[in-house]
Amino acid sequence: MALCVTDTVRALACRGGKAATNLKLVSMFVIFFTSVIGITIPVFLARLFHGKPVHDKAILIIKCFAAGVILSTSLVHVLPDAFDALSDCQVSSRHPWKDFPFSGLVTLIGVLTALLVDLSAISHVESHQNNQAGEYEAVGTSEELGIVSTKKIEEKHREAEELVKLKQRLVSQVLEIGIIFHSVIIGVTLGMSQNQCTIRPLVAALSFHQIFEGMGLGGCIAQAGFSFGTTAYMSFMFSVTTPLGILLGMIVFSMTGYDDTSPNALILEGLLGSLSSGILIYMALVDLIALDFFHNKLMSGQSFLKKVSFVALVLGSTSMSILALWA
């Protein structure tokens, strides 16, 4: 029980309802604008370089930076927080939470869920391709066969490009879902907190956090080539999720007096964080890092581009990891 004891005098001095509310209202606007800045930077750069020879390489480097940000977010921010929530003495002293490492299990479920989504999407596209290929088998004359053969080659190239583009879009959408889980948890936790000593440094740290995380997601959205409307919608959803989470946390606290350090709140935070972490780990390693470093044609035979991309990956990981000192 010693681990549950806190400095009561300091905690009471920091708890101020009105001051905490004012800080949270300010934080909603600050975090919204920093989120907008973070996610629009790579989208703007992609449109700026569009049609130029360096476009694909610039997008690749941005995406590698994004992969580092996402990987660091999952392993340095989300997973440790989820583990801490489920390891809290109020939770770990209960059944079944003290009997099994649920944070690891739910993270595994998140990984397998992301894999299932990937497999389902690829299976759907492959079945569509097979159906189209079957339409040409009934053609008889050699001339027709020659024409069909040419068409089949052209269709295969087009379908391969469509499959890559579909994969990139799917990655961006699933990635946003994982990030939104994380953002909601952050926002609600901050919104329910009444500790102004905690809120002040957390707002500053979260602002930088949203910039880097926004750059990570924005890099994937930029490469996916969504329409302007879809890009704007996804950017908007990322930007408002944390502020809306803060507002939701404030409403829940004002209506129920719900304590964000209660066992039920910690369990919910731990489970959602673990699921989000699993999704982000899979997306970062499989759909971002492995896809670009081992299956991207731009990387083939270009050692300098590989080195620059790896440096971008390390910079993204380092930038996000340093923020763990404060948030």
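Residues numbered from 1 in each chain as written. Predicted model: local features only at pLDDT ≥ 70, side-chain atom pairs only at ≥ 80, totals over all residues. Heavy atoms only, no water.

(A) Structural detail: the overall build of the protein chain. The number of helices and strands found in the protein chain is ten helices and zero strands. Across the 327 residues of the protein chain, 42% fall into the buried class. Within the protein chain, counting contacts between residues at least 6 apart in sequence, those at least 24 apart form 87% of the total. Total accessible area on the protein chain is roughly 17200 Å²; 69% of this is exposed by carbon and sulfur atoms. (Helix = DSSP H or I, 4+ residues; strand = E, 2+ residues; numbered from the N terminus. Buried < 20%, exposed > 50% of the residue type's maximum accessible area, 1.4 Å probe, protein only. Contact = heavy atoms within 4.5 Å. Areas by Shrake-Rupley, 256 points an atom, 1.4 Å probe, with all protein chains shown as cover.)

(B) Fine view of the pattern of salt bridges. Overall, the coordinates contain one salt bridge when judged by the stated rule. Across the pair K63 and D292 runs a salt bridge, and its minimum N-O distance is 3.6 Å. Of this pair, K63 sits in helix α3 (residues 55-87) while D292 sits in helix α9 (residues 263-295), placing them 229 residues apart in sequence. There is no split in this pair, since K63 and D292 are both buried. (Salt bridge = Lys/Arg side-chain N within 4 Å of Asp/Glu carboxyl O.)

(C) Just the UniProt feature "transmembrane region" (unreviewed entry) in the protein chain, in detail. With numbering matched to this structure, UniProt assigns "transmembrane region" (unreviewed entry) to residues 25-46, 58-80, 100-122, 174-193, 199-221, 233-255, 275-295 and 307-326. Segment residues 199-221 splits into 100% helix and 0% strand. End C-alpha atoms: 31 Å apart. (UniProt positions renumbered as here; feature names shortened; annotations may be inferred.)

(D) Focus on the packing of α3 against helix α10 (residues 303-322). Put simply, α3 and α10 touch, their axes get as near as 7 Å, and they point 35° apart. In the crossing of α3 with α10, the sense of the turn from one axis to the other is right-handed. From α3, K57, L60, I61, C64, F65, A67, G68, V69, S72, T73, V76 and H77 reach across to α10, where they touch L305, V308, S309, A312, L313, L315, G316, S317, S319, M320 and S321. For the contact of α3 with α10, the class distribution of residues is 13 nonpolar, nine polar and one charged. (Axes fitted to C-alpha atoms, helices over the stretch in contact; angles between N-to-C directions. Left-handed = near helix turned anticlockwise from the far one by under 90°. Nonpolar A, V, L, I, M, F, W, Y, C, P; charged D, E, K, R; others polar.)

(E) Region of the structure containing the confidence of the model for the protein chain. Of all residues in the protein chain, 80% have pLDDT values of 70 or greater, and the mean over the chain is 78. The element-level mean pLDDT for the protein chain is lowest in helix α1 (residues 8-14), coming to 54, with α10 highest at 89. (pLDDT = per-residue confidence, 0-100.)

(F) Local environment of the packing of aromatic side chains. Tallying each qualifying case throughout the model produces three aromatic pairs. Ring geometry for F32 and F33: centres 5.4 Å apart, planes at 70°, overall edge-to-face. Where F100 meets F102, the ring centres are 5.4 Å apart and the plane angle is 65°; that geometry is what we call edge-to-face. The exposure class assigned to F100 is partly exposed, which follows from its relative accessible area of 41%. (Phe/Tyr/Trp six-rings, centres within 6.5 Å; stacked < 30°, edge-to-face > 60°.)

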